[in-house]
Amino acid sequence: MKSTPSEILDYRCRLESPTSVGRSGVSQIYQTHVIEGEGHEILRELFPQLDNKLLNEYDIRNYSLKTELRFFVNGILLNQNLTKDIEWLGADRFTLETVLRKELCLKFENQIEWKCNSRVTQLIVDQSSNIVKGIKYRCKQNVGSPLFDMYGDFIIDCSGRNSSSTKWLKESLNLIVPTVQMHFGCGYVTFVGERFKTENPTLDSIPVICSTVNAPDKNAGCYIIPMRTIKTSDENSLGTLAQISIHCVNSEFPPNDSYENLLEWIKENLDPDYYSILKSTKVYSPLIPYRRAIDDRRYVESLGKKWPQNYILLGDAMCTFNPQFGQGMTHACRQARGLAKIFAENCHKLKDISHVFNSRASAISEECWLLSTTNDWKTPTLKIIKTDKNGQTKTYQRNGDFPATKDNQLRLPLLTKILQWYIDSFLKCASKSGQLSTDFLHVMNQQASIFILFKPTILFAVCYTALMNCFNLSK
Ligand SMILES: Cc1cc2nc3c(=O)[nH]c(=O)nc-3n(C[C@H](O)[C@H](O)[C@H](O)COP(=O)(O)OP(=O)(O)OC[C@H]3O[C@@H](n4cnc5c(N)ncnc54)[C@H](O)[C@@H]3O)c2cc1C
């Protein structure tokens, strides 16, 4: 937390020991992260000085989605005449976390004790009353070191996508948490680069350029998001350092062995505009791959009162999503705000709080899950692993080339099929409508529920347009 802004940037570009700055254990931290509208709002409420510090001390800029974004979703360009503006922060995750931690320490000073370089290894429970009372932890560097106990009135497992909670609950309370994992062959290559002028001034004038994949037709996408403004005397420079993420589904991974090979891949797999931008980008960091992202949901709410008291999962520990919609951090922020609200309501007994939280938090996860998985179901080689409440695990695989056996055939749920059709039809309408594009971005930024896309007037307009197109009646 003592690092200067330039040390953080330097570190981000050179990738030295992860313990020297930022934090260890979050391998995805090098990848592009967007903090969505609602997450940004929650952080601003908690830390009113956050934006000011990021903008004035760390050369971060904020971006107006109304004037500074070009966004292709499922191959369709959102309309740029948004009816309301949404702001994105162009902060890389190292900078955001460093500033957040400093703010946290300023706000709570002596009330926090940090245990660094430690790993939780199991829960301390009282089996007869179904309560989690604490955790056991040990020093990370030394696997054989002794275990320490830590007790708490309320324990929050926010240990991320690789959380061992399901294993711990099975070991200590013989509780099986039903889970669903969707493997859609997600792959990322991210780097930091300085953008230079292309031959197209319109392209150069847009700082935030994003495109999601459009499976099964186009299984690659790209996010270009500025992270710092820089002073330069080079008149061809656009004066920003950007985080650039090339991503894919269906295991069609972008190469990271050399920039030349990556550019060749981009030429073949992405829209020509990306090739011209990236051809004129100067690369400042290694090309960092990430290939472990999956959709992974723990259905904690389905266990009702079997779930232990005084213990919850929060953020990725409860549910992780396809990163392309940038939902994860905001999902965690919303769940944390939900938890604070439950305590503030002052009407729940401590023993009930984990159950109240599970049912409210899972509703937040469900919204993000729907947006993420509706698209991921389109992946030709999708694999789904389901574990039920008896611990029975079944793997279903769809493989383009080989017919699956009857038992492990993947059947697209009817609701998902309808949602896929509806979202694609909605996006076609949104490309012509500033209002619908604004609605979509509000949902994506978690400022509105996905259900606003189904308001009767919108539903009617989308179905009407789809019918007209279907029968070729529209002019
Ligand atoms: C490629 C990629 C791109 C992404 N892009 C975005 C984006 O643009 N926007 C967005 O909002 N989200 C994005 N995400 C998702 C985002 O990274 C996560 O949703 C978010 O970090 C979840 O926060 P968390 O606090 O739940 O877990 P994490 O940030 O993963 O933190 C978990 C912490 O727990 C610690 N820990 C783990 N196990 C133990 C243990 N046993 N004992 C002690 N500590 C432990 C880890 O060291 C770590 O510090 C992306 C993810 C990936 C993979």
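Residues numbered from 1 in each chain as written. Predicted model: local features only at pLDDT ≥ 70, side-chain atom pairs only at ≥ 80, totals over all residues. Heavy atoms only, no water.

A. Looking closely at the domain arrangement of the chain. On domain assignment, one finds that the chain holds domain 1 (5–63 + 85–111), domain 2 (118–183 + 294–394) and domain 3 (412–470). For domain 2 and domain 3, the distance between their C-alpha centres works out to 31 Å. Facing 12 residues of domain 2, the contacting portion of domain 3 comprises 13 residues. Between domain 2 and domain 3 lies a buried interface of about 1,200 Å² when both sides are counted; carbon and sulfur atoms form 69% of it. In terms of surface lost to domain 3, no three residues of domain 2 exceed L371, T374 and W377, which account for 42% of the buried area on that side. Linking domain 2 to domain 3 there are 1 salt bridge. Between D424 and K378 there is a salt bridge whose closest N-O contact spans 3.2 Å. Viewed at the interface, domain 3 and domain 2 are joined by 4 residue pairs in polar contact (both at pLDDT 80 or more). Contributions of two or more residues to the side of domain 2 that touches domain 3 are made by helix 10 (328–345) and helix 11 (350–376). Looking at which element gives the most residues to the side of domain 2 that touches domain 3, the answer is helix 11, with 5 residues. When the residues that make up the side of domain 2 that touches domain 3 are grouped by side-chain class, the tally is 5 nonpolar, 4 polar and 3 charged. (Domains from an automatic or database assignment. Contact = heavy atoms within 4.5 Å. Buried area = accessible area lost by both parts, 1.4 Å probe. Salt bridge = Lys/Arg side-chain N within 4 Å of Asp/Glu carboxyl O. Polar contact = N/O pair within 3.5 Å; in protein donor to acceptor, adjacent residues only side chain to side chain. Helix = DSSP H or I, 4+ residues; strand = E, 2+ residues; numbered from the N terminus. Nonpolar A, V, L, I, M, F, W, Y, C, P; charged D, E, K, R; others polar.)

B. Just the pattern of salt bridges, in detail. Following the criterion strictly, the structure yields 21 salt bridges and no others. The partner of R297 in a salt bridge is E366, with the nearest N and O atoms 2.5 Å apart. Of the two residues, R297 sits in strand 16 (residues 295–298) while E366 sits in helix 11, which places them 69 residues apart along the sequence.

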